[in-house]
Amino acid sequence: MNNVLLTISYDGTDFCGWQRQDKSDGGKSVRTVQGEIERALKKMFKTQVNLYGSGRTDSGVHAFGQAANFTAPVENIPEKNYVRALNGMLPPDIRIMDAKYVDDDFNSRFSATSRVYRYFIKTGTVPFANESRYVWCIQSKPSLELLNSYCSYLKGEIDCATFSAAGDQSVSTHRYLEEARFYYEKDDVLVFQIEANAFLWKMVRSLTGTLVGLAEKNASAEVFENILESCDRSRAGITAPPTGLFLYKVKFDGIRRHV
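Bear in mind that the values here come from a model prediction, so they are computed numbers and not experimental data.

(A) The arrangement of the overall build of the protein chain in detail. Helix and strand counts for the protein chain come out as 5 helices and 10 strands. Taking 18 Å as the expected radius of gyration for a compact globule of 259 residues, we find that the protein chain reaches 19 Å, a close match to that expectation. Taken over the C-alpha atoms alone, the protein chain extends approximately 60 × 45 × 40 Å along its principal axes. Within the span of the protein chain, comprising 259 residues, buried residues form 49% of the whole. Looking at the protein chain alone, contacts between residues at least 24 apart form 72% of all its contacts between residues at least 6 apart. Surface exposure of the protein chain reaches about 12,600 Å², of which carbon and sulfur atoms provide 49%. Each charge class in the protein chain can be summarised by its mean position, and for the 32 positive and 31 negative side chains these summaries are 6 Å apart.

(B) Examining the nonpolar core more closely. Among the nonpolar cores identified, the biggest contains 70 residues, and L6, I37, F70 and Y150 are the most heavily contacted of them. For this core, the leading source of residues is helix α4 (residues 203–216), giving 7 residues. Every residue in contact with I37, bar those within four places of it in the chain, is listed here: L6, I8, W18, L51, L90, I94 and I96. F120, Y183, V191 and F246 belong to the second-largest nonpolar core, a separate cluster that totals 6 residues.

(C) Summary view of unusual backbone geometry. A positive phi angle is found at K46, which is not glycine, with a value near 65°. Looking at where K46 falls in the secondary structure, it is placed in the loop between α1 (33–45) and β2 (52–53). One non-glycine residue with positive phi stands out, namely C231, at about 55°. Along the chain, C231 turns up in the loop between α5 (221–230) and β10 (245–251).

(D) Broad picture of the side chain of T57. Examined against the element boundaries, T57 turns out to sit in the loop between β2 and β3 (62–72). The exposure class assigned to T57 is buried, which follows from its relative accessible area of 4%. Side chain to side chain, T57 and Y10 meet in a polar contact 2.7 Å long. Sequence-distant contacts of T57, that is, excluding residues within four places in its chain, are made with Y10, G17, W18, Y117 and L247.

(E) Fine view of the pattern of salt bridges. Tallied over the full model, the rule gives 12 salt bridges. In this structure, the salt-bridge partner of E38 is R20, at a minimum N-O distance of 2.3 Å. Here E38 is found in helix α1, whereas its partner R20 is found in the loop between β1 (2–10) and α1, with 18 residues between them in sequence. On the accessibility criterion, E38 (4% relative accessible area) is buried. According to the relative accessible area criterion, R20 is partly exposed, its value standing at 33%. Note that K251 and E195 form a salt bridge whose closest N and O atoms lie 3.3 Å from each other. Here K251 is found in strand β10, whereas its partner E195 is found in strand β9 (residues 189–196), with 56 residues between them in sequence. Residue classification places K251 among the partly exposed residues on the basis of a relative accessible area of 26%.

The rules behind these values
Residues numbered from 1 in each chain as written. Predicted model: local features only at pLDDT ≥ 70, side-chain atom pairs only at ≥ 80, totals over all residues. Heavy atoms only, no water. Helix = DSSP H or I, 4+ residues; strand = E, 2+ residues; numbered from the N terminus. Rg over C-alpha atoms; globule rule 2.2 N^0.38 Å. Buried < 20%, exposed > 50% of the residue type's maximum accessible area, 1.4 Å probe, protein only. Contact = heavy atoms within 4.5 Å. Areas by Shrake-Rupley, 256 points an atom, 1.4 Å probe, with all protein chains shown as cover. Lys, Arg positive; Asp, Glu negative; His and termini not counted. Charge placed at Lys NZ, Arg CZ, Asp CG, Glu CD. Core = buried A, V, L, I, M, F, W, Y, C linked by side-chain atoms within 4.5 Å. Polar contact = N/O pair within 3.5 Å; in protein donor to acceptor, adjacent residues only side chain to side chain. Salt bridge = Lys/Arg side-chain N within 4 Å of Asp/Glu carboxyl O.

In structure tokens form, the structure reads like this:
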């Protein structure tokens, strides 16, 4: 049997997140990305196949490059054939972008060394209809210099408790941040890119809402530093909506961090 790694893109608007939730709605199954792909795999192989993702994305969150692996019950399928075969059985809001064989001990979650997220913000202008599902719309145009001054504190091992949502079940709130920065993709589209070994529940959205809110108030970088170091969730700003958030890439070739 072969261990197959998939790279997956999806529009999360109409999903209740990544993870299969068979009995979350009064005993009825709800629509999830993992569930849809496992149904396609079952149709393909005529047997149940379990899919293991690199991590969960919440309802409404999208992905350019989610990673997930499964053990194929047959060995005679060329790896690239999975792309065409699965896309033929999946709904249009899920696309398999790549498929390749990996070592038997590879696991998308535990073999990942970092995850990269991008958050897209439409600033100061009304979004086109086809954009509104994929951006957070704000009326202001925050200072890029100010936003990146906040990001200077988002590097290395950090206690991120300030940005952990209630109900997060992580053993530790410490995470190792490789990068955090803002840039303008277009004149009116602001992008927040952040990379870490892992993230707390809703952490990226909480950070985004806090950083943008502080920039709109023209708060100093020291104000953000104090909020971060407080480890007090009540001091964080709003949680940005899921619409603008994309799991951009999962990396497997970096340094494995202990936190």
